[in-house]
Every structure is written in structure tokens, then in C-alpha cells.
Amino acid sequence: MNTAGPHPLNLTLWQPSVEKAWEYGSLYLWAFLQFNQLVREERFKPHTSKEGRPLSMEQFRWVFNCTRIPGQDADSLRSTFRTNAEGGCPLHLVVLCKGHVWVMHPWDAMGQPLTPPELESQLGGIWDRSEALGPGPGVAALTCDTRDRWAKNRDWLKSLSHTNMKNLDIIETSAFVFVLDETTPDNFDQLVWEGLCGDPANRWADKSLSAILTRNGFGVMNNDHTPYDAMVSVVMGHYQHLLLTHMGGRGGGPGGVRGGLTPPARLTFDLDRKTLGAVEVAKRTSREFTSDVVARPFFFREYGREFLRPHNLHPDSYVQMALQLTFLRVHGRPAPTYETASTRQFYHGRTETIRSCTTEAVDWASTMLNQKATTSEKRHKLITAIEKHNSLRGLCENNHGVDRHLFGLYIIALEAGEEVPGLFTDPAYVKSGGGGNFHLSTSTVGYTPVFGGVAAMTKDGYGCFYNMLGDRFTFFISHYKSSTVSDSAAFTRALTRSLQEMRAVLEAPKSSL
């Protein structure tokens, strides 16, 4: 599963421009290198919860130098990341451009990132050389195929030559992938789709981090969700935003390009007819899926979390209630809902599922749609539903949820070759969202300008991901075109109405309650 989020500087400091794409791209890449250095040198401040509890920082070890290796029965993670105290790690990057694969060394002899002008020179050089070569074979598309086919094709690719084995090792040990895309998105709808779906010949889907630069200078990330959660990407994006905002969106330091820097080198694979055919199959497979995905960013600007402060309402719970009301309004029924809860207060903690579709939430949403209900009833039931959701979040964050436990039992049964317990095939379990059947797949991505999301979990469902700024809420809403049920445009319109009506309930004079 991938997450994608646009770089917020395009909204504030940069205007999309083909002429300035390499300048923007050099700063974008430079900010990634700064974050990489921060993590390797262990200068990144550990996180704590609002209550002051320390949170596990283990996931940040998996951002760089990490690749998901395909297997016939199960994938595995390969990480070559080390902190400087542990002995260092590979620092090269892989750059994808026009179907070609390049290796780049973005550090100088003193172990410092190349300057933005130097990075700009190398990125522009890769583009020019790739353009002169013409379209490349697009070997990267193999990673966008089904996992079983990619596992077989990877083994075959390695068997063709030692060069192929060496090239794969270079890619899999690289710090991350930087993509030079040919697309020129006109708006955020197009940008988030490119980040999430994009050209399979220009994506190495196995890498934990891919930073994508469009031809007109937009930056967007695509991340493999396997080794770390979305909030890690958000933290990294927010760091970049703060760093480059502080710099005024411009590079500092010397403006020249030093001599003696290692130039980028193209990785050439030995390919046979079978492999070239597999590349075309992988492209078709990927495009068949991605062409069905709709990704719609939505900026609700009428109010944000500051409005909720005097009402003492948790903004995340508030937005979850808005989603419940919206789904009921559009589809006339409640939706089994998944929301991510972080369990990082535990060592190696990842997530648990908050099941947001509670009895209290459905009761409140139904009351909101009842024309005979009073404002007092609506307000009282909203607060009750939010309190219930707050309670569930606390339980899940303290590892008292059920979904990860049940999933573990399911996996144990499969690995032991035992019959899967009847619970997992029971219609009630499936209808409640179990087994990946949540019609609303949701998560907060925090309180920063960075936003993103993933595709919907079910064919007739939605992906709804959001952040909560002081003056607005930002949503990333996805669905599938082939669905005859879900419609993100209708959902967005209904969500607007839900948020407006909720504000009206909270703003009603006390005399009318």
C-alpha cells in the first residue's frame, strides 16, 4: 500500500514552472538529504505523546536504505540502514528518468550533501542524457506487477547476468529513489493521482521512499507502507517544509559547481525477449488497476480546529463524526469504518484499528438527518458520540484493540496449515469490516500542511485521509471508477454540508438548546 502527499511549498513559495523544475527539484532533493543526515547522525529529537510518554522512533530506521523483496510465499524487508555510530550505510541514490535507471552520489568528500546548484546540475544532466537516449526499457515496471510474478521475474532477471545482480543490489541498497517525471500536472487532483499511481516504468515500487519531481516542479512522495506508517512520511515532509520555508524557498551557500564530483552513471540491464515481454505485461497490469483509481484532494476552508477549541472537542473525533454523517447521508446506511490508532508508546509499536462506526455515532448521524430532531438533541448526541470515540482511541493506543490480535491469530492458523477459525468467515465479521472489508478506510495525517492518502480498501468504499489545521481541514478522498456505488465528488459535496451543519449545531444560541 502506498501513501502519497504533495509538497506544500508549491502552494506558498514556488509557482509550477518547467523552466525552474531543476532548481525546485534540487532544493527538494537537498531537503531529503538533510533529513537523511539528521537521522543517520541521531540528531532527530525523539517524539513524545501529549501526556509526555516517549514514543518509539524505530520506524524512522526504515525510511532510508530499505526495500521490500518479493517472494513466492511472502515478501521480506531488506534494510542496509545504519547510523553513523553503527558504522554507516550506503549513501547513493537511484534516479529514474524516462524508463532509464541512474545511480547518483549526492555527497561530497567531507560527507556533506552537495549544494543545490550541484544537485541541479546533476538532475538536469540526467534528464538531458535520458532524452538523448530515447525511452528506456522501463525495467522498474516489473516492481508494479503482481508480487508472485515480480518474484519470478526478479529471479529470472538475476539469472541472466552478473551485471543484473549487481544492478539490483545497487537499487535495493540505495538510500531512496528520486524520480524525474515527464508529467506537468495542472492541479492537485492530477498531482496526487500521479504520486499515487503514476507511470510504472518510472516507479520502483519496492523502495520504502520514492521522491517524485514533475516536469513543472511539483514534488510528491510515494511510500511503501510496509516498513513504516504514514506519520513518518508526514514528519519528513513537514521537516522539509519548515526548512525550506525558513530559507525562503531558495538555496543558500556557494552558487558554483565544484570540480571532481562523481557524475551520475546509468545502470544497464541485460534483457532478453522474455524479460521485455514481462515489462509490457507489468505495465498493463499496473495501468489496469491505477486507471480505476480516483484521488480527490479537498480543502474545506470555512473553519478548522481552532473553531473546536472553545467547545473542547477533539478535532480527530470531530472529523470522524463528519465522515460517519456524510456516508449515511450519501448511502443511507452506516459504513464499517477503519481509523488508524498509533501504538508507538510500545517498543516497535505500529498501529491498531479504531472502529469508528459506533452505536453512538450512528445514533447521532441519524438524528442529524431527522428533520424533527431538536438542536439540543443533535448537540447532546454529537458530544456523546465524540466521547465514545475518544474512549476507543485511548483503548487502541494502549493496545486494548481487537483487530491486530485477531489478525495475528488468522496468520498463525495459515502458517500452521490449520483450518481458519469460523470467526474469520462469519458474515457478521466481514460486514463489520473484518478481513479488509472496511467501506471507509480513514486516518488522520496530523496537524501540518502535508497531506496524503491511499486507495480505498474495498471496491465500493472510500479512502478518507485528513489533516487539521487551525483554519481548515484538508482531505484526500479516493474511490474506484468501476464502482456503481461510491462517488468521491458526491461524497465531497455531502462532507461540506455535514461540516457546515455540525458548526451550526455548535454555534446555536444556548437559549435555543
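What you see is a predicted model; the values in this text were computed from it and never measured. (Residues numbered from 1 in each chain as written. Predicted model: local features only at pLDDT ≥ 70, side-chain atom pairs only at ≥ 80, totals over all residues. Heavy atoms only, no water.)

K.L.:
I tried to follow the overall build of the protein chain on my own but got confused; where do I start?
P.N.:
Counting secondary structure elements, the protein chain contains 15 helices and 15 strands. Expected size for 513 residues packed as a compact globule is a radius of gyration near 24 Å; at 24 Å, the protein chain falls within 12% of this value. Buried residues in the protein chain amount to 54% of all 513 residues. Within the protein chain, contacts between residues separated by at least 24 positions form 73% of all contacts whose residues are at least 6 apart in sequence. Accessible surface for the protein chain amounts to roughly 22,000 Å². Of this, 53% is attributable to carbon and sulfur atoms. Taking the 53 positively charged and 53 negatively charged side chains of the protein chain as two groups, their mean positions are separated by 3 Å. (Helix = DSSP H or I, 4+ residues; strand = E, 2+ residues; numbered from the N terminus. Rg over C-alpha atoms; globule rule 2.2 N^0.38 Å. Buried < 20%, exposed > 50% of the residue type's maximum accessible area, 1.4 Å probe, protein only. Contact = heavy atoms within 4.5 Å. Areas by Shrake-Rupley, 256 points an atom, 1.4 Å probe, with all protein chains shown as cover. Lys, Arg positive; Asp, Glu negative; His and termini not counted. Charge placed at Lys NZ, Arg CZ, Asp CG, Glu CD.)

K.L.:
Explanation requested: the environment of Pro254 in the structure shown.
P.N.:
Secondary-structure assignment places Pro254 in the loop between α7 (230-246) and β9 (265-267). Residue classification places Pro254 among the exposed residues on the basis of a relative accessible area of 58%. In this structure, Pro254 is in contact with Thr115 and Pro117, ignoring residues within four places of it in sequence.

K.L.:
What am I meant to see in the side chain of Glu172 here?
P.N.:
Its place among the elements puts Glu172 in helix α5 (residues 162-173). A relative accessible area of 4% places Glu172 in the buried class. In contact with Glu172, not counting residues within four places along its chain, are Thr67, Ile69, Arg78, Arg154 and Lys207.

K.L.:
Just checking my understanding: could you explain unusual backbone geometry for this structure?
P.N.:
Apart from glycine, the bulk of residues carry a negative phi angle, and the bulk of peptide bonds sit in the trans form. A positive phi angle is found at Asn312, which is not glycine, with a value near 55°. Its location among the elements puts Asn312 in the loop between α9 (305-308) and α10 (315-331). When its relative accessible area of 71% is taken as the criterion, Asn312 is described as exposed.

K.L.:
How do you make sense of the sheet that holds strand β11 (residues 337-342) when you look at a structure like this?
P.N.:
In sheet architecture, strand pairing relies on hydrogen bonds along the backbone and comes in two forms, parallel and antiparallel. Taken in spatial order, the six strands line up as β10-β15-β14-β13-β11-β12 in an open sheet, and their pairing is mixed. Across the chains shown, the open sheet's two edge strands, defined by having one partner strand only, are β10 (293-300) and β12 (351-355). Within this sheet the neighbouring strands show an average axis-to-axis angle of 20°, counted without direction. Relative to β12, β11 runs antiparallel, the two being bridged by five bridges. Bridge pairing links Ala341 to Glu352 in β12. Taken strand by strand, helix α6 (residues 188-196) contacts β10 and β15 (473-480), and its axis lies near 135° from that of β10. Here helix α15 (residues 488-507) sits on the sheet and contacts β10, β13 (440-444), β14 (462-468) and β15; the angle it forms with β10, its principal contact strand, is near 25°. (Pairing = 2+ DSSP bridges. Axes fitted to C-alpha atoms, helices over the stretch in contact; angles between N-to-C directions.)

K.L.:
What is the right way to read the pattern of salt bridges from this model?
P.N.:
Proximity of charged atoms lets side chains of opposite charge pair with each other. As enumerated under the stated definition, the model contains 26 salt bridges in all. The residue Asp224 makes a salt bridge to Arg68 at a minimum N-O spacing of 3.1 Å. Of the two residues, Asp224 is situated in strand β8 (residues 219-224) and Arg68 in strand β2 (residues 66-69); the sequence distance between them amounts to 156 residues. No difference in accessibility class separates Asp224 from Arg68, as the two residues are buried. (Salt bridge = Lys/Arg side-chain N within 4 Å of Asp/Glu carboxyl O.)

Shape is all these values report; function is a separate question.
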